[in-house]
Amino acid sequence: MSKKELVWAMASAGVIWLIGVSAFVLSYTVQIMENPDHQANWVLSLTLIPAIAFGTNFFYGKRFKTNGWILGALMFGLTFLLDAMITVPVFIIPAGGNHFDFFSSPIFWLIALEYITLSALFSRIWKNKNRFKEGSIVNQL
């Protein structure tokens with residue numbers, strides 16, 4: 001991965017993280033489910049779908065060819081760091097949580113799996129879309 005690709009991947013991850021944290025925090029303002037923590041995780045899981053679609057489109061719109069699994073792992077790695085440095089100290093600790101509880105939660109790791117898998121899936125979609133646009137699929141027939 002080139003330095004330029006790394007910068008764009010970090011920018012994409014930052015945007016996805018910002019959307020995800022915003023949705024997670026805002027979900028506490030309107031309580032629909034009995035357990036607000038479960039509600040926040042559901043909202044985050046659902047919000048990640050369009051957020052990751054946007055982020056991967058943002059990245060692959062620059063015509064990068066990075067493998068989607070690698071991109072997803074890299075972007076999630078940055079999200080992990082942002083959660084450790086910002087999300088947990090600003091939102092979780094004041095609510096009575098801590099780093100250990102946050103990062104040892106099975107829900108956190110399910111969301112991580114969703115993040116990386118969606119990144120790989122959407123990377124495949126954007127790469128195929130670009131190949132079709134360029135006519136390379138038609139030319140191969």
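These remarks concern the structure in this document. Here the structure is a predicted model, which means the values were calculated and not measured. (Residues numbered from 1 in each chain as written. Predicted model: local features only at pLDDT ≥ 70, side-chain atom pairs only at ≥ 80, totals over all residues. Heavy atoms only, no water.)

All right, on to helix α2 (residues 36–60) then. Over its 25 residues, α2 extends 35 Å from the first C-alpha to the last, a length consistent with the 36 Å expected when each residue adds 1.5 Å. Maximum bend of α2: about 35°, positioned at L48, with proline P50 one to four residues after it. For α2, the N-terminal cap is N35; the gap from its side-chain oxygen to the backbone nitrogen of D37 is 2.9 Å. (Helix = DSSP H or I, 4+ residues; strand = E, 2+ residues; numbered from the N terminus. Expected span 1.5 Å × (residues − 1). Bend = angle between axes of the 7 residues up to and from the residue. Polar contact = N/O pair within 3.5 Å; in protein donor to acceptor, adjacent residues only side chain to side chain.)

Looking now at the packing of α2 against helix α3 (residues 68–92). How two helices pack is summed up by the angle between their axes together with the distance between the axes. Between α2 and α3, the shortest axis-to-axis distance is 12 Å and the interhelical angle comes to 115°. Here the hand of the crossing between α2 and α3 comes out right-handed. Between α2 and α3, the residues in contact are T56, F59 and Y60 and G68, L71 and M75, respectively. Of the residues assigned to the contact of α2 with α3, the class counts are four nonpolar, two polar and no charged. (Axes fitted to C-alpha atoms, helices over the stretch in contact; angles between N-to-C directions. Left-handed = near helix turned anticlockwise from the far one by under 90°. Contact = heavy atoms within 4.5 Å. Nonpolar A, V, L, I, M, F, W, Y, C, P; charged D, E, K, R; others polar.)

Another point: unusual backbone geometry. Positive phi outside glycine occurs at R63, with the angle close to 70°. Mapped onto the secondary structure, R63 falls in the loop between α2 and α3.

Attention shifts here to the side chain of T66. Looking at the secondary structure, you find T66 in the loop between α2 and α3. Judged by relative accessible area, T66 falls into the buried class, the value being 10%. Ignoring sequence-local partners within four residues, the contact set of T66 consists of M1, E5, F59, Y60, L71 and K127. (Buried < 20%, exposed > 50% of the residue type's maximum accessible area, 1.4 Å probe, protein only.)

Let us now look at a nonpolar patch on the surface. On the surface, a nonpolar cluster with roughly 650 Å² of combined accessible area is contributed by V30, I32, M33, W42, L46 and I49. On the secondary structure map, I49 appears in helix α2. (Patch = residues over 30% accessible without salt bridge, like charges linked within 9 Å, V, L, I, M, F, W, Y side chains within 5 Å. Areas by Shrake-Rupley, 256 points an atom, 1.4 Å probe, with all protein chains shown as cover. Salt bridge = Lys/Arg side-chain N within 4 Å of Asp/Glu carboxyl O.)

The next point concerns the packing of aromatic side chains. The tally for this structure, following the rule as stated, stands at 16 aromatic pairs. A ring pair is formed by F54 and F58, whose centres lie 6.3 Å apart and whose planes are at 15°; its orientation type is stacked. Taken together, the positions of F54 and F58, both in helix α2 and four residues apart, correspond to about one turn of that helix. Judged by its relative accessible area of 45%, F54 is partly exposed. Here the aromatic rings of F76 and Y115 are separated by 5.8 Å at their centres, their planes lie at 65°, and the arrangement is edge-to-face. Highlighted residues: F76 in helix α3 and Y115 in helix α5 (residues 106–134), separated in sequence by 39 residues. The class for F76 is buried, based on a relative accessible area of 10%. One aromatic cluster is present, formed by F76, F80, F102, F103, F108, W109 and Y115 through successive ring pairs. (Phe/Tyr/Trp six-rings, centres within 6.5 Å; stacked < 30°, edge-to-face > 60°.)

One broad rule of soluble globular proteins: the nonpolar side chains tend to lie buried together. Counting residues in hydrophobic clusters, the biggest one holds 31 residues, and the most contacted among them are I16, L48, I52 and Y115. At the level of secondary structure, the elements contributing two or more residues to this core comprise α1 (3–26), α2, α3, α4 (99–104) and α5. In terms of residue count, the dominant contributor to this core is α2 (eight residues). (Core = buried A, V, L, I, M, F, W, Y, C linked by side-chain atoms within 4.5 Å.)

Further remarks concern α1. Three or four residues apart is the spacing at which side chains of an α-helix point the same way, because the helix has 3.6 residues per turn. For α1, spanning 24 residues, the distance from its first C-alpha to its last is 34 Å, which sits close to the expected 34 Å at 1.5 Å a residue. Turning to α1, its buried residues are E5, A9, S12, A13, I16, W17, G20, V21, A23 and F24.

With that settled, consider the side chain of T47. If you trace the backbone, T47 turns up in helix α2. Separated by 2.7 Å, the side chain of T47 and the backbone oxygen of V43 make a polar contact. Ignoring anything within four residues of it in the chain, the contact list for T47 reads I19 and A23.

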